[in-house]
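Structural description and commentary
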Amino acid sequence: MLGAALVLAALLPVRPAGAATTPLPPWAPLAQATVHPGQVLDTHGSDCTANFVFADADNHVYIGQAAHCSSEGNDLNFDGCKERALPLGTLVTVVESQIIGTLAYNSWLTMQTHHETNASACLDNDLALVRLPDSVRGQVSPTMPYFGGPTGVNTAAVVAGDTIYAYGNTPLRGGIGMLSPKTGVVASPVDDDWSYLAYFVTPGIPGDSGSAVLDAQGHAVGVLSSLITTPTPASNGVSDLQRMLAYAQNMSGIKGLRLVDGTRAFSPTG
């Protein structure tokens, strides 16, 4: 990420998914789900916002968060190839339901294990996956609150001027739901398209970290990663999901890893 960036924890194309071997249960309606995008996840006292739902070849289900949510370092100008992070197997709590999952993938740990040398990936590959208990799979909704979707992964990238949508859920807003949905605009791609600078009507703040970001068609475009202080004050860094998911598919050892689409149509007006 260019310039100074505050991490928001309160704080390669996508490969084919591979055939699933067991059927998924029907997804829960969003209003009845105990786990869904936009909820607060607690990782050893660090609160972040969940982004998307993922599944693997055996249809184990995961909820995504930012990798830096399990960081053991500081919150300024992180480098995922150097910063310490909590180990896989760390317990992560879905705060609203108190369902406990386990950290199954962290891009930082993976890059360090594989001695990643791509500087842009080190700065912007910011994805972690929390495996949920199989017993709660039928209580999960993959649908993004308010907006609906996602409708697949954005594979065409975004450019300056494109409209994007996010849903943050920091505890710092005191549960004021009308402040969670966010509309923004892309300012510019950075770091070889691993990330985008974006301005939202209400910027993402600590606790919004990890929030799902959709494009104007409802495709999953990225993960809210940071609040930029210079040279573009009050902008947010959005890490590119296509690149991060491709990295996880290649390096995580999770077979058939894929994004799960929402069950409700995307609408920019909710």
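Here goes a summary of the coordinates provided. Each chain carries its own residue numbering, running from 1 in the direction its sequence is written. For this predicted model, a pLDDT threshold of at least 70 governs which residues receive local features, and a threshold of 80 or more governs which side-chain atom pairs are given and counted, while totals over whole chains, interfaces and linings are taken from all residues. In computing side-chain values, all of the structure's heavy atoms are included and hydrogens and water are not.

Scanning the protein from terminus to terminus reveals 3 helices and 15 strands. The buried label goes to any residue with under 20% of its type's maximum accessible area, the exposed label to any with over 50%, and the partly exposed label to all in between, with areas taken from a 1.4 Å probe on protein chains only. Burial status across the protein gives 57% buried among its 270 residues. Note that accessible areas follow from Shrake-Rupley with a 1.4 Å probe, and for residues the cover is restricted to the protein chains shown. Of the accessible surface of the protein, which amounts to about 10300 Å², a share of 58% is contributed by carbon and sulfur atoms. Secondary structure elements follow DSSP: runs of H or I of four or more residues count as helices, runs of E of two or more count as strands, with numbering from the N terminus.

Turning our attention to the packing of aromatic side chains. For this analysis, a ring pair means two rings from Phe, Tyr or Trp (six-membered ring only for Trp) whose centres lie within 6.5 Å, classed as stacked if their planes differ by under 30 degrees, edge-to-face if by over 60, and tilted for the remaining angles. Scanning the entire structure with this criterion turns up 3 aromatic pairs. Ring geometry for Tyr-146 and Phe-147: centres 4.9 Å apart, planes at 90°, overall edge-to-face. With relative accessibility at 1%, the residue Phe-147 sits in the buried group. An aromatic cluster is built from Tyr-146, Phe-147, Tyr-165 and Phe-266, whose rings are joined through pairwise contacts.

This part is about the nonpolar core. The nonpolar core is taken to be a set of buried Ala, Val, Leu, Ile, Met, Phe, Trp, Tyr and Cys residues, with the residues joined through side-chain atoms within 4.5 Å. By size, the foremost hydrophobic cluster in this structure holds 51 residues, and its most contacted members are Phe-52, Phe-54, Ile-63 and Leu-241. With 5 residues, the single largest contributor to this core is helix 3 (residues 241–251). Counting 11 residues, the second largest nonpolar core, distinct from the first, contains Ala-166, Val-186, Tyr-196 and Val-221.

For the rest of this paragraph, the subject is unusual backbone geometry. Trans is the prevailing form of peptide bonds, just as negative phi is the prevailing case for residues other than glycine. Here the amide bond leading from Gly-149 into Pro-150 is cis, since omega sits at 5°, within 30 degrees of zero. Mapped onto the fold, Pro-150 is located in the loop between strand 8 (128–131) and strand 9 (163–167). One non-glycine residue, Gln-98, lies in positive phi territory at about 65°. With respect to the helices and strands, Gln-98 occurs in the loop between strand 6 (91–94) and strand 7 (99–106). Look at Gln-98 and you get exposed, because its relative accessible area is 53%.

Helix 3 sits mainly inside the fold: 8 of its 11 residues count as buried. Buried within helix 3 are the following residues: Leu-241, Gln-242, Met-244, Leu-245, Ala-246, Tyr-247, Ala-248 and Gln-249. Pairing of N or O atoms within 3.5 Å defines a polar contact, subject to two protein rules: one partner must be a possible hydrogen donor and the other a possible acceptor, and residues neighboring in sequence count only if both atoms are side-chain atoms. The distance from a side-chain oxygen at the start of helix 3 to the backbone nitrogen of Gln-242 is 3.3 Å, and the residue carrying that oxygen is Asp-240. Looking one or two places after helix 3, you find Gly-253, whose phi comes out positive at around 80°.

Below, the discussion takes up the state of the cysteines. The disulfide definition used here is simple: a pair of cysteine sulfur atoms within 2.5 Å. Scanning all chains against the criterion turns up 2 disulfides. For Cys-48, the disulfide goes to Cys-69, at an S-S distance of 1.9 Å. One disulfide, between Cys-48 and Cys-69, carries an S-S torsion of -110° and so falls in the left-handed class. Of the two residues, Cys-48 sits in strand 3 (residues 46–49) while Cys-69 sits in the loop between strand 5 (61–65) and strand 6, which places them 21 residues apart along the sequence. Taken individually, Cys-48 and Cys-69 each receive the classification buried, so the pair is uniform in this respect. Between Cys-81 and Cys-122 runs a disulfide, and the two sulfur atoms are separated by 2.0 Å. Residues Cys-81 and Cys-122 are joined through a disulfide that is left-handed, its torsion about the S-S bond being -85°.

It is worth spelling out the pattern of salt bridges at this point. Salt-bridge detection follows one rule: a side-chain nitrogen of Lys or Arg within 4 Å of a carboxyl oxygen of Asp or Glu. Considering all chains together, one arrives at 2 salt bridges under this definition. Between Arg-84 and Glu-72 there is a salt bridge, with the nearest N and O atoms lying 3.4 Å from each other. Of this pair, Arg-84 sits in the loop between strand 5 and strand 6 while Glu-72 sits in the loop between strand 5 and strand 6, and the two are 12 residues apart along the sequence. With relative accessibility at 58%, the residue Arg-84 sits in the exposed group. Of the charged contacts in the structure, one is a salt bridge between Asp-134 and Arg-131, with a shortest N-O distance of 3.7 Å. Here Asp-134 falls in the partly exposed class, since its relative accessible area comes to 36%. Judged by its relative accessible area of 29%, Arg-131 is partly exposed.

So, about the sheet that holds strand 15 (residues 258–259). Neighbouring strands of a sheet are bound in pairs by backbone hydrogen bonds; such pairs are parallel or else antiparallel. By definition, two strands form a pair when at least two bridges between them are found by DSSP. Read across the sheet, 8 strands follow the order 3-2-6-7-8-5-4-15 without closing on themselves; strand pairing throughout is antiparallel. Looking along the sheet, the strands with just one partner apiece sit at the ends: strand 3 and strand 15. Taken together, the 2 bridges between strand 2 (residues 40–43) and strand 6 define a ladder with antiparallel strand orientation. In the strand pairing of strand 6, Leu-41 is matched with Val-94.

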